[in-house]
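A structural walkthrough
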Amino acid sequence: MATPIHTVLVLGAYGFFGSRISEALAKNPRIRLILAGRDLAKATALAYRIGLSAEHARALDSTDPDLVLRLRKLGVNTLIHTAGPFQGQGYDVARAAIKAGCSYLDLADGRAFVSGITKLDADARAAGVTIISGASSLPALSAAVVDRYRGEFSRLDAIRIGITSGGVIPGVATLRAILGYCGKPFRTLERGAWINVHGWLDTEVVDFHKSVEQRRIGRCDVPDLELLPARYPGVKTVSFHAGFASSTAHQLVERLATLVRDGRLKSAVPFARTFYTLGRWLQPVFSDRGAMFVKMEGLHDNGAPYALTWTLVARENHGPNIPCAAAIALANKISAGAKLPAGAMPCLGLLTVEDMMAPLKGLSIREYPPIGPDGLPLGS
């Protein structure tokens, strides 16, 4: 018996991440794709570009008071919310999905937003739908990496995560989110104590991989800082740093962060448009390579100190596809008939690293597993 066609609506379909998700899902014959956004002309243009007809495009806004009725009328089975920034957003779209009886995924990277999605759990369970927040690099991929290698440790003490971007400049909304916590204090677990740090400060210079070389990275406020200590009891340190392809750009953000921290500047958010304009102009001279690492530290099963580092490298400016992989993988699994648990939850333990690497096949993206004590890559 053939699997029924599954209707997926991508909200913010023609955006920086939405367009990549839409293009990938358009290749799935089990999915009927609806490309939604405020601008019907842009949604229609995207439909044509990815080989669909104008019938797949809809003008739809996340604040539409008739969103529930629209979702029901369109027969949506899964809604993918990509219209950020999610920092400061409420859960109106997720609540609309619950009322419409459809599953919901988002690419949120806001710490409070992703951690707080569980407040919708009772309503989602009652409706028999799955509501998933943070279907992105963080925490979906980062936690999947830790899950993969957790068995190598008798005791896990520290999880350190870092990301450096390639040269592609994200949209203004994403830059506003990035600059939203610039210089602002937030909590992180360090050596067993919760301490305050400041966004985009505490800079480290890291060798990600020989093909990427050294990059500057600074503190960022992400869901992992809240979720991973709870997921891995006993861990004493969870840190996250991020940076840009351009060292100069990173130093400018550091300067803004210092001004905000010291009270000489209220917020760095007003500079988002300027960064976007300059970044687009200078993009051709930036590196086309980005990377991510997850470093785990603790004790091996023989009681000796042990550390391993997993690395992912993206070339040819393919890095922005990585945050899209979890949502694509989940949508493909659901459309194939996979049953996800009812309720509202962060995207933890729902996908393996292999699940998220599958949508990235054919792109210039490669993972480098850590080397085990025998000198071979772990898992080989």
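On a predicted model such as this, the values are computed, not experimentally measured, just so you know.

Some details on the pairing of strand 6 (residues 130–133)
Of the two faces of strand 6, the one holding Thr-130 and Ile-132 and the one holding Ile-131 and Ser-133 are both buried throughout. Direction of pairing for strand 5 (residues 103–106) relative to strand 6: parallel, over a ladder of two bridges. In the sheet register, Tyr-104 faces strand 6, and the bridge partner there is Ile-131. Two elements, strand 6 and strand 15 (residues 343–346), share four bridges in a ladder whose sense is parallel. Pairing of Ser-133 across the sheet is with Pro-346, part of strand 15.

Some details on the packing of helix 8 (residues 172–180) against helix 11 (residues 272–282)
Interaxial distance between helix 8 and helix 11 falls to 9 Å at its minimum, and their mutual angle equals 125 degrees. In this view, helix 8 runs oblique relative to helix 11, as classed from their interaxial angle. Crossing hand, helix 8 versus helix 11: right-handed. Along its contact with helix 8, which presents Val-172, Leu-175, Arg-176 and Leu-179, the element helix 11 presents Ala-272, Arg-273, Phe-275 and Tyr-276.

Concerning the packing of aromatic side chains
Applying the stated criterion across every chain, the model contains eight aromatic pairs. Ring centres of Phe-16 and Phe-17 lie 4.9 Å apart, and the angle between their planes is 80 degrees; this geometry places the pair in the edge-to-face category. Where Tyr-181 meets Trp-200, the ring centres are 6.5 Å apart and the plane angle is 5 degrees; that geometry is what we call stacked. Of the two residues, Tyr-181 sits in the loop between helix 8 and strand 8 (185–190) while Trp-200 sits in the loop between strand 9 (193–198) and strand 10 (204–207), which places them 19 residues apart along the sequence. Across this residue pair, the class does not change: Tyr-181 and Trp-200 are buried. Three or more aromatic residues joined by ring pairs make a cluster, and in this case those are Tyr-181, Phe-186, Trp-200 and Phe-244.

Topic: the packing of helix 7 (residues 137–149) against helix 9 (residues 224–231)
Here helix 7 crosses helix 9 at 30 degrees, and the two axes come no closer than 11 Å. Comparing their axes, helix 9 and helix 7 come out roughly parallel. The chirality of how helix 7 crosses helix 9 is right-handed. Touching Leu-138, Pro-139, Ser-142, Ala-143 and Asp-147 of helix 7 are Asp-224, Leu-227, Leu-228 and Arg-231, all from helix 9.

Description of the pairing of strand 8
Looking at chain direction, strand 8 and strand 9 are connected through six bridges and run antiparallel. Bridge assignment links Glu-190 to a residue of strand 9, and that residue is Ala-193. The hairpin turn running from strand 8 into strand 9, its antiparallel successor, is two residues long, and Arg-191 in that turn takes a positive phi close to 55 degrees.

Details of the sheet that holds strand 3 (residues 57–59)
Each strand in a sheet pairs with its neighbour through backbone hydrogen bonds, running either in the same direction (parallel) or in the opposite one (antiparallel). In spatial order, the strands read 3-2-1-4-5-6-15; together these seven strands make up an open sheet with parallel pairing. Only two strands of the sheet have a single neighbouring strand rather than two, namely strand 3 and strand 15. Averaged over all pairs of adjacent strands, the angle between strand axes in this sheet comes to 20 degrees, irrespective of strand direction. When strand 1 (residues 6–11) meets strand 2 (residues 31–37), the two strands line up parallel, connected through six bridges. Note on strand 2: the bridge partner recorded for His-6 is Ile-31.

Procedures and definitions
- Residues numbered from 1 in each chain as written.
- Predicted model: local features only at pLDDT ≥ 70, side-chain atom pairs only at ≥ 80, totals over all residues.
- Heavy atoms only, no water.
- Buried < 20%, exposed > 50% of the residue type's maximum accessible area, 1.4 Å probe, protein only.
- Helix = DSSP H or I, 4+ residues; strand = E, 2+ residues; numbered from the N terminus.
- Pairing = 2+ DSSP bridges.
- Axes fitted to C-alpha atoms, helices over the stretch in contact; angles between N-to-C directions.
- Parallel < 35°, antiparallel > 145°, perpendicular 65-115°, else oblique.
- Left-handed = near helix turned anticlockwise from the far one by under 90°.
- Contact = heavy atoms within 4.5 Å.
- Phe/Tyr/Trp six-rings, centres within 6.5 Å; stacked < 30°, edge-to-face > 60°.

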